[in-house]
Amino acid sequence: MNIDIEDLTKTFGAQTALHPVSLTIPSGALVALLGPSGSGKTTLLRILGGLEIPSAGRVRFDGQDATGLRVQDRRAGFVFQHYALFRHMTVFENIAYGLRARPRRSRPTRAEIDRRVHRLLDLIQLPDIGPRYPSQLSGGQRQRVALARALAIDPRMLLLDEPFGALDAKVRKELRQGLREIHDSTGLTTVFVTHDQDEAMELADVVVVMSMGRIEQVGPPAELRSRPTSRFVETFLAR
Amino acid sequence: MSDVVHPAHTPVTTEPRTVRLLVILLVLSLVAVLLLAPLAAVFTEALADGLPAALQALTQPDARSAIVLTLLVAAITVPLNAAVGIAAAWAIARFDFRGKAFVVTLIDLPFSVSPVVAGLALVLLFGSNSTVGGWLIAHDMRIVFALPGIILATLFVTFPFVARELIPVMLEQGRAEEEAALTLGASGWRAFRTVTLPNIRWALLYGVLLCNARAMGEFGAVAVVSGKIRGETTTMPIMVEMLYNEYLATAAFSLAAALALLALVTLALKSLLEWRHADVLAATRRH
């Protein structure tokens, strides 16, 4: 699914989180929103996911206006910064949550839910952790469970907020590869937020550099490195 | 070297044995004098003339009506305050709005105002001398010196318990899990039922138990609004006082013991629940 963002603005009281920003994300792309804290990247991601309502501007999914679309109807697989796993539910119940929340007409049967959850557990290469609680998992395992939970709803896009932020360096590298593989096998349009330029440059097809609520530059990693259009991009990538 | 005692094995936080014993002894004796002794005294006095006499005192019509009234008031006020407390905590923990700090302070008001003042305020508002009260009485609705007044007074006094327990828990948990539920397609109500409520259930239970204990035990506010009409508007604590003032020690202490017993039952219930769900409690602590 491709995403068109047109003159999107967001203010919180007197603070402007996003100055009008426009961006087109082609279907199937793996896009990084890169910038320091306070650059508006998370706000942009949350607007795409329907968790924030923009003050002005439009969002289109495949050309259809989705600006006012309810969060429940967006089918956006969202992975939260600290994963936000339901701590009172087992891993199985976490992943099954989205399927069980469907209206009765479109809700899969028990056997079907069981089958799908196990297929997702296989996909994240943790086939045996279904009965465990989130508190019994390592950080890397939690991240993968959060990804499986987001994928369970058969999403139209994947949105990830600092998906590797809370992990140590070694696990981070492994999981980057994991996300790349999941993206390539599902073909989902994927947008992730990061403040780590290495991560953005290594993983993404397209990097969107943001600062102070504005988009500084958009392009493939190689292009950003060879032809930065502003001083900010140049220094931020050089760190 | 071998005969030297290494101080290194003892943790740095440990105090000398005598100090430890002294502190423990002090706490235990305070608990005994302040908490256990009065409780024991109530039960001994109640049973001074034997169990049959105590039970007989409880079956007197006035005592029975007091017990029924107290249970009725608790049964009405506790669920109401639980619902309002959840709503208040939710609003305060999840949303930013103008006057939020004021609302938080207001929730604490019943803790800082004397219950007698609260009762008096209700009498002033709804008594026969006020406009509202006059109108209500003219339309055959009694608030003061009747059940509605007792319920209002109890609601006021017990208002903070549930909200106070929930606000810190909900603030600490943040809204990410609820948002996750919404992105997975759950309606707001479903997210509340399946994610918010299970996360706050222990704080809620604790708040409800405290609220219940206070609702059954409230004296001051209820004493003012109820008018102490024997057999009609006397709750257990008020009946205890009336019986005691009439030198009916066995009856007074029997009723007091029954009230204490109700409180002990709720405490036991809470401990039982905590014990039975210890595994889930440990697993769902903040990770």
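Residues numbered from 1 in each chain as written. Chains lettered and ligands numbered in written order. Predicted model: local features only at pLDDT ≥ 70, side-chain atom pairs only at ≥ 80, totals over all residues. Heavy atoms only, no water.

(A) How the structure looks around the overall build of chain B. Looking only at helices and strands, chain B features 13 helices and zero strands. Counting from the amino terminus, helix and strand elements in chain B follow one another as α-α-α-α-α-α-α-α-α-α-α-α-α. The globule rule puts the C-alpha radius of gyration for 287 residues at 19 Å, and the 24 Å found for chain B is more than 25% above it. Each principal axis of the C-alpha distribution contributes one length, and for chain B these read about 90 × 60 × 30 Å. The 287 residues of chain B split such that 37% are buried. A fraction of 71% describes how many contacts in chain B between residues 6 or more apart in sequence connect residues 24 or more apart. If the 19 positive side-chain charges of chain B are averaged to one point and the 19 negative ones to another, these points end up 7 Å apart. (Helix = DSSP H or I, 4+ residues; strand = E, 2+ residues; numbered from the N terminus. Rg over C-alpha atoms; globule rule 2.2 N^0.38 Å. Buried < 20%, exposed > 50% of the residue type's maximum accessible area, 1.4 Å probe, protein only. Contact = heavy atoms within 4.5 Å. Lys, Arg positive; Asp, Glu negative; His and termini not counted. Charge placed at Lys NZ, Arg CZ, Asp CG, Glu CD.)

(B) Spatial organisation of the UniProt feature "transmembrane region" (unreviewed entry) in chain B. Residue and element names in this part refer to chain B. Mapped onto this numbering, the UniProt entry gives "transmembrane region" (unreviewed entry) at residues 21–43, 63–90, 102–123, 143–163, 203–227 and 247–269. Structurally, residues 102–123 comprises 91% helix and 0% strand, and the distance from its first C-alpha atom to its last is 26 Å. Annotation note: span residues 203–227, helix share 88%, strand share 0%, distance between end C-alpha atoms 35 Å. (UniProt positions renumbered as here; feature names shortened; annotations may be inferred.)

(C) Geometry of unusual backbone geometry. Residue and element names in this part refer to chain A. A positive phi angle, near 50 degrees, is found at D62, a position not held by glycine. Here the phi dihedral of R75 falls at roughly 50 degrees; this positive angle occurs in a residue that is not glycine. Note that R75 resides in the loop between β5 (64–65) and β6 (76–79). With a relative accessible area of 38%, R75 lands in the partly exposed category.

(D) Examining the UniProt feature "domain: ABC transporter" (unreviewed entry) in chain A more closely. UniProt records the feature "domain: ABC transporter" (unreviewed entry) at residues 3–237 of chain A, using the numbering of this structure. For residues 3–237 of chain A, the helix share is 36%, the strand share is 26%, and the end-to-end C-alpha distance is 26 Å.

(E) Spotlight on the packing of helix α11 (residues 236–245) of chain B against helix α12 (residues 249–276) of chain B. Residue and element names in this part refer to chain B. It is the contact of α11 with α12, at a shortest axis distance of 8 Å, that shows an interaxial angle of 155 degrees. One way to sum up the angle between α11 and α12 is to call them roughly antiparallel. Where α11 crosses over α12, the two elements pack in a sense that is left-handed. Counting all contacts with α11, which are made through M236, P237, M239, V240, L243 and Y244, the residues of α12 involved are A251, A252, F253, L255, A256, A258, L259 and L262. Class assignment for the residues of the contact of α11 with α12 results in 14 nonpolar, no polar and no charged. (Axes fitted to C-alpha atoms, helices over the stretch in contact; angles between N-to-C directions. Parallel < 35°, antiparallel > 145°, perpendicular 65-115°, else oblique. Left-handed = near helix turned anticlockwise from the far one by under 90°. Nonpolar A, V, L, I, M, F, W, Y, C, P; charged D, E, K, R; others polar.)

(F) Region of the structure containing the nonpolar core. Residues and elements named next belong to chain A. In terms of nonpolar packing, the biggest core is built from 45 residues, with I95, V145, L147 and V207 touching the most fellow members. No other element matches helix α4 (residues 139–152), which puts seven residues into this core. Non-local contacts of L147, meaning those with residues more than four positions away in its chain, are made with V79, L158, L160, L179 and I182. (Core = buried A, V, L, I, M, F, W, Y, C linked by side-chain atoms within 4.5 Å.)

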